[in-house]
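Survey of secondary and tertiary structure
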Amino acid sequence: MGLFDDNKVTYADKSDNDLNRAFFLFRIISQPFITKILTFLLKMSIKIGLPIKGIIKATIYKQFCGGTTIEGSQETIDNLWKSRIGTILNFSSEGKETKEDFISTKQEIIKTIKKASQSEKIPFAVFKPTGITAFSLLEKLSKNQSLNEQEQEKNQEFRNRIKEICKTAFELKVPLFIDAEESWIQTAIDEIVMEMMRKFNREKAWIFNTIQLYRNDRIAYLKEILMDAKNNNYFVGLKLVRGAYHGQEIERADRLKYPCPVHRKKEDTDKDFNLAQKFCVENIDRISFCSATHNEESSAYLTELITLHKLNKNDKRIIFSQLLGMSDHISYNLAKQGYYITKYVPYGPVKDVIPYLIRRAEENTSIAGQMNRELSNIIKEKKRRKYI
Ligand SMILES: Cc1cc2nc3c(=O)[nH]c(=O)nc-3n(C[C@H](O)[C@H](O)[C@H](O)COP(=O)(O)OP(=O)(O)OC[C@H]3O[C@@H](n4cnc5c(N)ncnc54)[C@H](O)[C@@H]3O)c2cc1C
């Protein structure tokens, strides 16, 4: 049996109803045309205020989200932990633009850190920089443009929020992932996260930056970070991802006619992702890292690297992570075999989580092969249960 093939393990905590719901959902979103129509209708219904929250909550929300609050996500956290899978609570609030929103998001992130500090079931915290400041400010900072007085004040507020979040994580001993976003705002994010790593990662990696391996400059950047860490005597925390904004990156680079910052061939991204994993394992004395992927081959490759370098399967410096509701065959099977597995568990008011859900639907539609795999695993398990 292959590394991820034990469906009895994959679906251990799923009821027949859960399986049927997943089957129904993945069947729908595997059809690009239907997904397009449904996401359009979803956006329109929210805009004109149709009462569809109930339907969303019982279907796609239940598949991909923990609950509307931290407390409401407890059942999901407990269920994952029964299979020795840690939860990373991910407060989903997107497209907010006011100072009040940024402050309340910061406070919610701090709540997730405090919650994590009280429970072994929640080994990490995470946040997205655009939840606590304006996209336009990050864009200006990334272009190194001069800021007017009001923008300078906003920048100071943003820096204070990030520092407060990182300091709380450091003091409460909760490692913290900082998500990566579009390349044209990422330079500003990288700069401040590097500053936080230098400040707080003196004894071990508490602050983790995210590296998107669809970018064609990231292997060089990894080497730069390691060099900086050696020169300045700190530990590096990294989350490796392929990258979630591929379409937007290509479209913008073509439209504005600048050199495209991302690979155009999937195999180049795959190659860099695996190279990055190898680089991290080879420098494990200084780098802790999370392999955040649903890709079977990359996950299997990391298990081989762990064996090759004679590391412990449960080495706390090597974390595997998937999103809730996706690639359970990787998460549950690797957890069963003793690897260090976590899942992002998004939570928040249904309305605020919709952009995240739409991305999940679109992503699942666009990944050729993966959808078939999710569906075929569910079908196999449905059959297995019937014949028991
Ligand atoms: C726990 C977790 C945390 C995450 N955090 C972040 C984050 O902070 N920031 C972020 O941007 N994303 C994040 N992601 C999403 C991630 O970047 C991917 O979009 C997603 O996981 C799909 O990639 P994959 O590695 O699972 O595998 P696959 O399904 O093998 O790969 C799909 C990915 O390959 C890349 N790709 C697709 N087509 C091409 C092409 N023609 N040329 C080159 N590359 C291509 C794209 O990045 C696409 O998303 C996270 C994912 C997980 C599981």
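As a reminder, the structure under discussion sits directly above these lines.
Everything numeric in this text was worked out from a predicted model, so none of it was measured.

**Examining the pairing of strand E6 (residues 287-292)**
As a general feature of sheets, a regular strand has side chains that alternate between the two faces. Burial runs high along E6: six of the six residues are buried. Side chains Ile287, Phe289 and Ser291 project from E6 onto one buried face, and the interleaved Ser288, Cys290 and Ala292 project onto a second face that is buried too. With five bridges connecting them, strand E5 (residues 236-241) and E6 associate as parallel partners. Within E6, the residue paired with Lys239 across the bridge is Cys290.

**Digging into the packing of aromatic side chains**
Counted by the stated rule, this structure contains eight aromatic pairs. On the numbers, 6.0 Å between centres and 85° between planes, the contact of Phe124 with Phe208 is edge-to-face. Highlighted residues: Phe124 in strand E2 (residues 124-127) and Phe208 in strand E4 (residues 207-212), separated in sequence by 84 residues. Of the two residues, Phe124 and Phe208, neither departs from the other in class, the shared state being buried. Relative to Tyr340, the ring of Phe124 has its centre 6.1 Å away and its plane inclined at 40°; by these criteria the two rings are tilted. One end of the pair, Phe124, is in strand E2; the other, Tyr340, is in the loop between helix H15 (328-336) and strand E8 (341-347), and 216 residues separate them in sequence.

**Considerations on the site of the ligand**
Around the ligand sit 28 residues, and of these Gly243, Lys266, Thr269, Thr293 and His294 come closest. Contact distances for the ligand include 2.8 Å between an oxygen atom and a side-chain N or O atom of Lys266. In the environment of the ligand, an oxygen atom lies 2.7 Å from a nitrogen or oxygen atom belonging to the backbone of His294. Here the ligand loses 88% of its free accessible area of 930 Å² to cover by the protein chains. Of all elements in the fold, only E4, E5, helix H13 (266-282) and strand E7 (318-323) reach the threshold of two or more residues within the shell around the ligand. No other element matches the three residues that E7 contributes to the shell around the ligand.

**Describing unusual backbone geometry**
Not every positive phi belongs to a glycine, and Asn144 is a case in point at roughly 60°. Inspection of the secondary structure assignment puts Asn144 in the loop between helix H8 (135-142) and helix H9 (149-172). In this structure, Asn233 is a non-glycine residue whose phi angle is positive, near 60°. Inspection of the secondary structure puts Asn233 in the loop between helix H11 (218-232) and E5.

**Describing the pairing of strand E1 (residues 85-91)**
Among the seven residues in E1, six count as buried, and that is most of the element. Here E1 pairs with E8 via seven bridges, running parallel. Bridge assignment links Ile85 to a residue of E8, and that residue is Ile341. In the sheet, E1 pairs with E2 via two bridges, with the strands oriented parallel. Note that in E2 the partner of Leu89 across the bridge is Ala125. The parallel pair E1 and E2, bridged by helix H7 (residues 99-117), forms a crossover whose chirality is right-handed.

**Focus: the packing of H8 against helix H10 (residues 183-200)**
Where H8 meets H10, the axes come as close as 7 Å, and the angle between the chain directions of the two elements is 75°. Viewed along their axes, H8 and H10 adopt a mutual orientation that is roughly perpendicular. Counted together, Phe135, Leu138, Glu139, Leu141 and Ser142 of H8 and Trp184, Ile185, Gln186, Thr187, Ala188 and Ile189 of H10 form the full contact between these two elements.

Conventions we followed
Residues numbered from 1 in each chain as written. Predicted model: local features only at pLDDT ≥ 70, side-chain atom pairs only at ≥ 80, totals over all residues. Heavy atoms only, no water. Buried < 20%, exposed > 50% of the residue type's maximum accessible area, 1.4 Å probe, protein only. Helix = DSSP H or I, 4+ residues; strand = E, 2+ residues; numbered from the N terminus. Pairing = 2+ DSSP bridges. Phe/Tyr/Trp six-rings, centres within 6.5 Å; stacked < 30°, edge-to-face > 60°. Near = heavy atom within 4 Å. Polar contact = N/O pair within 3.5 Å; in protein donor to acceptor, adjacent residues only side chain to side chain. Areas by Shrake-Rupley, 256 points an atom, 1.4 Å probe, with all protein chains shown as cover. Right-handed = clockwise from strand over helix to strand, strands pointing away. Axes fitted to C-alpha atoms, helices over the stretch in contact; angles between N-to-C directions. Parallel < 35°, antiparallel > 145°, perpendicular 65-115°, else oblique. Contact = heavy atoms within 4.5 Å.

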